[in-house]
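Structure at a glance
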Amino acid sequence: MDIQNPVKKKSNRLAEIAAGKTFPTETHDVLKSEEPLLEVSGFNLSYGAKQALFDINMIIPKGKVTALVGPSGCGKSTLLRSINRINDLLSTVRINGEMKLNGEPVYAPAVDVIELRKRMGMVFQKPNPFPMSVYENVIYSLRIDGERNKSVLDEVCERSLRGAAIWEETKDRLNESALGMSGGQQQRLCIARAIAAEPEVLLMDEPCSALDPIATNKIEDLIADLRGDYTIVIVTHNMQQAARVSDYTAFMYLGRLIEYGPTSTIFQNPHLQETQDYVTGRFG
Amino acid sequence: MSSRPLEKSVRPRRQRSRVSLFAQGEPMIWLTGGGLAVALCMIIGLLLLIFCNGIATLWPAPVPQFQTSAGSVYMGEVTRAESFRSNDEKVRVLQRKLVRTGNYEISGEHFVWISDHDIKAETRPEWALVIERTAWGRFYGFPEGFTLGGDTVASTPEAAWEMFNKHHRAVSERREKIRELETHEIGRVNRRLETARLNLRTVELRDGKDSPAWQAEHAKFLETEKAVTAKFATLQEEIVRLRAENSRYVLNLKTAQGKAVAMPLSDIVRAYPANQLSFIGKAGIYFSRWHEFLLGEPREANSEGGVFPAIFGTVIMTLLMSLAVVPFGVMAALYLREYAKPGLIVSAVRISINNLAGVPSIVFGVFGLGFFCYFIGASIDELFYASSLPNPTFGKGGILWASLTLALLTLPVVIVATEEALSAVPNSMREGSYACGGSKWQTIKRIVLPRAMPGIMTGMILAMARGAGEVAPLMLVGAVKLAPELPVDSIAPFVHAERSFMHLGFHIYDLGFQSQNSEAAKPMVFTTTLLLIVLIFLLNLLAVRLRSRLRRKFVSAAF
Ligand SMILES: Nc1ncnc2c1ncn2[C@@H]1O[C@H](COP(=O)(O)OP(=O)(O)OP(=O)(O)O)[C@@H](O)[C@H]1O
Ligand SMILES: [Mg+2]
């Protein structure tokens, strides 16, 4: 059963990491040529006494799709939620390190967090529709910005719902409560809500985990459509999905970024044995 | 992996203990169920008692006539019967009846006890009339004749009863007209004079008595006074005319003891031959009494007539209280839950609020009297109503101060319920809103509050239920036995927040403990209590319906 791959550096890194040893991230050189939208350097985060992220160094390339993969509890959501500072809302969170969006610091005291978040859209791991109608849900960010023009709102609503592959199901019930929809519908509604504001960055935390294959396909098509105009960071447990939609893939383990490189390399010929094991499903 | 068969374990399987009776929980079902049953029995018993007593009070009873062995005659409605221990050696336990004989101005008593032992004969006279009067309580007697302007127009019971029915409605209408003139019209005229006087006094306080402004105002005042006096005279004339017309109709009656009584029709509110009534006739009397009870004004020191002012006062006060308590409670809870950093101070505040809910309500009454009436009210009077001092306007009990006092009393309920509702709003919703670029306040306004609304309504319902049933503090801050005017009427500015008011809870207390004719008032206590319960129930029903509509809109979730 053991397939020997002579290219790999042999090591027992994962056990050593669990024992507290640190290794630098294996970042592929291709990434250095990319124009960074987001630069993360020396980023640590802890929930009270429990540290969830350890010394993360990475760049998120502009206009590309970056996938975060790794076993459950390794800190993918935490990293994603640090980007738009949603984690700030928890009083226990301590942050150390730097993050720069377009060269401007994300965590400087002078930063207007609301302004920052307006440039990002987020889809959460669990669907979280608001207690209001489908229509109001989708145009929530526009409402917040004080947009009143009905035709603009209608247009945005339809475009976003089409983009999230849910227009056909909702066009006749736009004024019904969003809470009455199925879990999968709610998740697509949340995707529609996130893209309605046309953010620069789209953060997606397992957007398809509650969806059937057809809807999943449509979301993947949507991501393919958005690539180029938008920068997308997507967390997923589905390796095929990561392979299909992303340009770059980052493998995380126990709060560390282990390997980060172009998706094709990560899936076909990663530098580390551990990455190979994970993406082929041998552990995790 | 391997094809080796699983080795059978040698270790014997651990025997799990048999499930004991207690572990199964059978006895717990009985215990918990029993607790529920006891609680239910108590509540149902309470409601049933009040319902049965309250609903039957207004049903007309027959009027028997008793002849005692001593030779006296009594006629009236049997209120209740009981057994008592007699002094007689031969018969130990006797039955006796409490008979409402009325005719207070003749006999000096409303009720007499008659021992069954003493009754020689009991009859149901065909023409026994029950007469409810505007004063002196009920009258029981026989119609003998009818005089119209001094001429006898009927001299048999039948003819007299016929004449009574023919004229009574018109006489009643005239009586109502007189009352309307006496209370409202004259009140309005008086108010005009009072306003003029206050204007004059205001000018006097401002410019002094020698100023030309005062002279002008004084001239105006004299003019108004003249006009008012003239108006007053015409009103008086009208009243005298109506009275004279009414006094022409007199029903001649004879009591069971044979004493003749001439009763002006204008004294009679309602009369009926109790022993002749069919079921439909009784139902007619019953509903006419309910109608008077619900929509009429009280008479005879509140023990008869209606309770409309009390119903009105209760509803208005409860609504005003909700209007005051909900915004404040919600704001306080919002700060505590959404803005304040959790810590020692917030916990201390929260504990104090919870303890506030346990403070006896009379303490709030005393506080309301001292703070609202004597401090704030007196200050308002000094600033805006100086001309009518030393008569207080706001510096005494009134519906506004009562509502605010009760709002204070129910504030903890609203705060606690709102806090609970706020903490039940899933954090993921808040995060969703922040991720869309919402500010804290936008998130609260658009997501948190709508979602928490049903819970807030629950708090309001609890507050209303507590506030509407509270009596003790009200006695200090504005509830009165008899309010001359309703706190809301058609005279500008329509809502008279400074007026004292009547309240059903206080009315019950007053009926039960302060009434001279307590036997007659007792059944009314139950009827009024029933009414209070129904009223609170209706107010709550309203709020519950509102809440379920909100809940359908904001909370339902499906997966
Ligand atoms: N609010 C929190 N308070 C304390 N610890 C937290 C909190 N959220 C996450 N953690 C911890 O941080 C670590 C990383 O969590 P995170 O949610 O980022 O994992 P994940 O990679 O997204 O996992 P999954 O794939 O299961 O979603 C976990 O060990 C978790 O226990
Ligand atoms: Mg996660």
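Parameters and conventions
Residues numbered from 1 in each chain as written. Chains lettered and ligands numbered in written order. Predicted model: local features only at pLDDT ≥ 70, side-chain atom pairs only at ≥ 80, totals over all residues. Heavy atoms only, no water. Buried < 20%, exposed > 50% of the residue type's maximum accessible area, 1.4 Å probe, protein only. Helix = DSSP H or I, 4+ residues; strand = E, 2+ residues; numbered from the N terminus. Expected span 1.5 Å × (residues − 1). Arc of directions from axis to C-beta. Contact = heavy atoms within 4.5 Å. Near = heavy atom within 4 Å. Polar contact = N/O pair within 3.5 Å; in protein donor to acceptor, adjacent residues only side chain to side chain. Areas by Shrake-Rupley, 256 points an atom, 1.4 Å probe, with all protein chains shown as cover. pLDDT = per-residue confidence, 0-100. Donors = N, O, S within 2.8 Å, 3.2 Å for Na, K, Ca; no water. Pairing = 2+ DSSP bridges. Axes fitted to C-alpha atoms, helices over the stretch in contact; angles between N-to-C directions.

**Looking at unusual backbone geometry**
Residue and element names in this part refer to chain A. With phi around 45 degrees, D55 is a residue other than glycine that occupies positive phi space. Overall, the relative accessible area of 43% leaves D55 in the partly exposed class. With a phi close to 45 degrees, E198 is a non-glycine residue in the positive phi region. Mapped onto the elements, E198 comes out in the loop between α8 (183–196) and β8 (201–205).

**What to know about helix α6 (residues 150–163) of chain A**
Since the α-helix advances by 3.6 residues per turn, residues separated by three or four positions end up pointing in the same direction. Residues and elements named next belong to chain A. Compared with an ideal rise of 1.5 Å per residue, which puts 14 residues at 20 Å, α6 spans 20 Å between its outermost C-alpha atoms and is within 8% of the ideal. Along α6, the positions that sit buried rather than exposed are L153, V156, C157, S160 and L161. Seen from one end, α6 has its buried residues packed into an arc of 120 degrees, which puts them on one side. The secondary structure elements touched by the buried residues of α6 are α4 (134–138), α5 (140–144), α7 (167–170) and α8. One or two residues past the end of α6 sits A165, with phi positive at roughly 60 degrees.

**Overview of the site of ligand 1**
Residues and elements named next belong to chain A. Lining the immediate environment of ligand 1, one finds 14 residues, of which S72, K76, S77, T78 and H237 sit closest. In this structure, an oxygen atom belonging to ligand 1 sits 2.8 Å away from a main-chain N or O atom of G73. Contact distances for ligand 1 include 2.5 Å between an oxygen atom and a side-chain N or O atom of T78. About the coverage of ligand 1: the protein hides 66% of its 630 Å² of free accessible area. Elements represented by at least two residues in the shell around ligand 1 include exactly β3 (50–61) and α2 (76–83).

**Structural notes on the confidence of the model for chain A**
Averaged over all residues, the pLDDT of chain A equals 87, while 95% of them reach at least 70. Under a pLDDT of 50 for its full length, residues 1–7 of chain A has, in the predicted model, 3 contacts with residues more than four places off or in other chains.

**Here we look at the confidence of the model for chain B**
Overall, the prediction assigns chain B a mean pLDDT of 85, with 95% of residues at 70 or greater. Scored as a complex, the prediction yields pTM 0.80 and ipTM 0.90.

**Observations concerning the coordination of the magnesium ion (ligand 2)**
Residues and elements named next belong to chain A. Those donors, S77 (OG) and Q125 (OE1), are the protein atoms that reach the magnesium ion (ligand 2), and they lie 1.8 to 2.4 Å from it. In this pair, S77 is assigned in helix α2 and Q125 in the loop between β7 (120–123) and α4, connecting sequence segments 48 residues apart. You can call Q125 partly exposed: its relative accessible area is 37%.

**What to know about the sheet that holds strand β6 (residues 104–105) of chain A**
All names here are of chain A. Read from one edge to the other, the open sheet built from 4 strands follows the order β3-β2-β5-β6, with strand pairing classed as antiparallel. Pairing within the sheet leaves two strands with one partner each, and these edge strands are β3 and β6. Here strand β2 (residues 36–47) runs beside β3; their pairing, made up of 8 bridges, is antiparallel. In the strand pairing of β3, L38 is matched with I60. In the packing of α2 onto the sheet, contacts are made with β2, β3 and β5 (93–101), and the angle to β3 comes to roughly 60 degrees.

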